[in-house]
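A structural walkthrough
Chain by chain, the residues run as shown.
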Amino acid sequence: MIQLSEIEEVLNLVFHPEYERSIIELNLVKNLEYISDSSDDNAGTIKFRLVFLRNDPMSNSIKEACEKALKKAFPKAKASILVLIDSQKATERKKGAEAKKNKPKKKELQGVANIIAIASGKGGVGKSSVAVNLAIALSQKGYKVGLLDADVYGPSIPKMTDTEGELPPATKQEQDGVETDLIMPIEKYGVKWMSIGYFVQPDQALIWRGPMACSALKQLSYGVLWGELDYLLIDLPPGTGDIHITMVQEIPLTGAIIVTTPQQIALADVEKGINMFKNKDVNTPILGIVENMSWFTPQELPNNKYYIFGKEGGRKMADKYNLPLLGQVPIVMSIMEGGDSGRPAALNNEIVKESFLKIAEALI
């Protein structure tokens, strides 16, 4: 008789082409069951639902791929597959879009439900690593995600995603009856990426005053064809300067995430970032704190924790300001290696992946 584990093994070989992950990993397969035939245990019916988070254009081709794979593995069995949309997740997206409409009048990013700034009070806390791996974790949970690298002076996203040297193509799109030139984001690992780094040489220094940098940032925000996104993460530069002021004044942010390490010197600067977003003229909700480099875990001893930079500093800061601690990320060698190689650790390191999936769930 055909076992459910055997069916899952077959379906685990069917990939969603956009996310580059199997439908089992993406948790698209629901209510899997096998109804055996009374005359032949191997000639029964394989039943399950393919549940998508939206009206996915790939749904029919994925269903056909499932039918083909099952027919090859179990030639006598029949496949009964029902394609559905998760109405709860669709409602979440709609609520996010409605909440954004109720914000003060700011030019909207068409099709983007939630815009979240990733910020830190100081450099060196791994903010960009957190932003990149969180974007991938959200994508792994089935959401449509984009990331804007807002650090125009030190863009790192092209290097961290192995897209360095790529040039985003341009396209024409009609907006309000006027044909407009828009930039297409680079797509990789199931996420849409955009950075000033795609338009300059890696060793080129941008000697720009604040107004020019802010103008470039607005172009990278509104001049990009993002399409339909559940989440657009914006990786801000460290500090509280012109770029940050432009973001909160020009972009309809849903909220901000603060990244810190447990060190006291980092926490002192984080307070400045928190107070900036809480300022009455800014008034951007802080969705929570992510503590990076919380402890060191050797790859060969995954249960060991060494608190190199102190312990629970992020949690104490979260408690002080009555904010959620979204999660803690350990120091793992693969995070550094992933940033250098352009293949983020959340794709292949189980410790890192688990940490960021928990953060993504808390954020959602």
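The sections below set out a description of the structure shown in this document. For every chain, the first residue of its written sequence is number 1, and the numbers climb from 1 along that sequence. Under the rules for a predicted model, residues below a pLDDT of 70 receive no local features and side-chain atom pairs below 80 are neither given nor counted, while totals for whole chains, interfaces and linings still include all residues. Remark: hydrogens and water are excluded; side-chain values derive from all non-hydrogen atoms of the structure.

Another point: the overall build of the protein chain. Helix and strand definitions here come from DSSP, where helices need a minimum of 4 consecutive H or I residues and strands a minimum of 2 consecutive E residues; each element is numbered from the N-terminal end. Across its full length, the protein chain carries eleven helices and 15 strands. Under the scheme applied here, a residue whose accessible area is under 20% of the maximum for its type counts as buried, over 50% as exposed, and between as partly exposed, the area being computed with a 1.4 Å probe on protein chains only. Every one of the 364 residues in the protein chain was classed for burial, and the buried ones make up 49%. Put simply, 72% of the contacts in the protein chain that link residues at least 6 apart link residues at least 24 apart. Total accessible area on the protein chain stands at roughly 17900 Å², and carbon and sulfur atoms take up 49% of it. Here, two residues are considered to be in contact whenever any of their heavy atoms come within 4.5 Å of each other. All accessibility values rest on the Shrake-Rupley procedure with a 1.4 Å probe; residue burial counts only the protein chains present in the view.

Attention now moves to the packing of helix α1 (residues 4-11) against helix α2 (residues 59-73). Here the axes come from fitting lines to C-alpha atoms, over the contacting stretch only for helices, and the angles between their N-to-C directions go from 0 to 180 degrees. Here α1 crosses α2 at 130°, and the two axes come no closer than 9 Å. Overall, the two elements α1 and α2 adopt an arrangement that is oblique. Seen along the crossing, α1 lies across α2 with a hand that is right-handed. Along the contact surface, α1 presents Ile 7, Val 10 and Leu 11, while α2 presents Cys 66, Ala 69, Leu 70 and Ala 73. Class assignment of the residues belonging to the contact of α1 with α2 gives a composition of seven nonpolar, no polar and no charged. For classification purposes, angles smaller than 35 degrees are called roughly parallel, those larger than 145 roughly antiparallel, those between 65 and 115 roughly perpendicular, and all remaining angles oblique. The crossing is said to be left-handed when, going from far helix to near helix, the turn is anticlockwise and less than a right angle, and right-handed when the turn is clockwise. When residues are grouped by polarity, Ala, Val, Leu, Ile, Met, Phe, Trp, Tyr, Cys and Pro land in nonpolar, Asp, Glu, Lys and Arg in charged, and all others, Gly among them, in polar.

This brings us to the nonpolar core. Counting residues in each nonpolar core, the largest one holds 77 residues, and the members touching the most others are Leu 134 and Ile 234. Broken down by element, the residue count for this core peaks at eight residues, all from helix α4 (residues 127-140). Apart from the residues lying within four places of it in its own chain, the contact partners of Ile 234 are Ile 115, Ile 116, Ala 117, Ile 118, Leu 148, Ala 150, Met 247, Ile 251 and Leu 253. By nonpolar core is meant a set of buried Ala, Val, Leu, Ile, Met, Phe, Trp, Tyr and Cys residues that side-chain atoms within 4.5 Å join together. If you look at the next biggest cluster of nonpolar residues, it comprises 22 residues, including Leu 28, Ile 46, Leu 50 and Ile 62.

Attention now moves to the sheet that holds strand β5 (residues 78-85). The three strands are arranged β3-β4-β5 in an open sheet whose pairing can be described as mixed. Looking at the sheet topology across the chains shown, the edges are occupied by β3 (29-35) and β5. Adjacent strand axes in the sheet meet at a mean angle of 10°, parallel and antiparallel pairs treated alike. One ladder, built from eight bridges, connects strand β4 (residues 45-52) with β5; its direction is parallel. Within β5, the residue paired with Val 51 across the bridge is Leu 84. Running at roughly 130° to β3, α1 makes contact with β3 and β4 of the sheet. Along the sheet, α2 contacts β4 and β5; its crossing angle with β4, the most-contacted strand, is approximately 155°. We treat two strands as partners when DSSP finds at least two bridges between them.

Looking now at the layout of surface pockets. Considered as a void within the structure, the second largest pocket measures approximately 330 Å³ in volume. Residue lining of the second largest pocket: 17 residues in total, with Trp 295, Gln 328, Pro 330, Ser 355 and Lys 358 positioned closest to the centre. Looking at the lining of the second largest pocket, the elements that each hand over two or more residues are β15 (325-331) and α11 (350-363). With six residues, the top contributor of residues to the lining of the second largest pocket is α11. In the lining of the second largest pocket, the residues fall into seven nonpolar, five polar and five charged. In this analysis a 1.4 Å probe is tested at points of a 1 Å grid over the protein atoms alone, and where it fits but cannot get out there is a cavity; an open set with protein on both sides within 12 Å along at least five of seven lines is a pocket; lining residues have an atom within 4 Å of a point. Grid points are joined across faces, edges and corners, and a volume is the space filled by probe spheres set on the points.

Our next topic: the pattern of salt bridges. Salt bridges are counted wherever a side-chain nitrogen of Lys or Arg sits within 4 Å of a carboxyl oxygen of Asp or Glu. Counted under the stated rule, the structure contains nine salt bridges. Between Lys 320 and Glu 271 there is a salt bridge; the shortest N-O distance is 2.8 Å. Taken together, the positions of Lys 320 in helix α9 (residues 313-320) and Glu 271 in helix α8 (residues 264-278) put the pair 49 residues apart, joining distant regions of the chain.

Time to look at the sheet that holds strand β11 (residues 191-195). Taken together, the eight strands give an open sheet; going across it, the order is β10-β11-β7-β12-β6-β13-β14-β15, and neighbouring strands pair in mixed fashion. With partners counted over all chains shown, the strands left at the sheet margins are β10 (186-188) and β15, one partner each. Taken pair by pair, the neighbouring strands of this sheet meet at an average axis angle of 25°, ignoring direction. As defined by bridge partners, strand β14 (residues 286-296) adjoins β15 across five bridges and the pair is classed as parallel. When the bridges of β15 are listed, Ile 289 appears paired with Leu 325. Lying on the sheet, α11 is in contact with β6 (112-119), β13 (255-260), β14 and β15; it crosses β15 at an angle near 170°.

This part is about the pairing of β6. In regular strands, side chains alternate between the two faces of the sheet. Of all eight residues in β6, eight are buried, a share of seventy percent or more. Where β6 and β13 come together, four bridges link them in parallel fashion. What sits directly across from Ile 118, in β13, is Ile 257.

On their own, these measurements won't tell you what the molecule is for.
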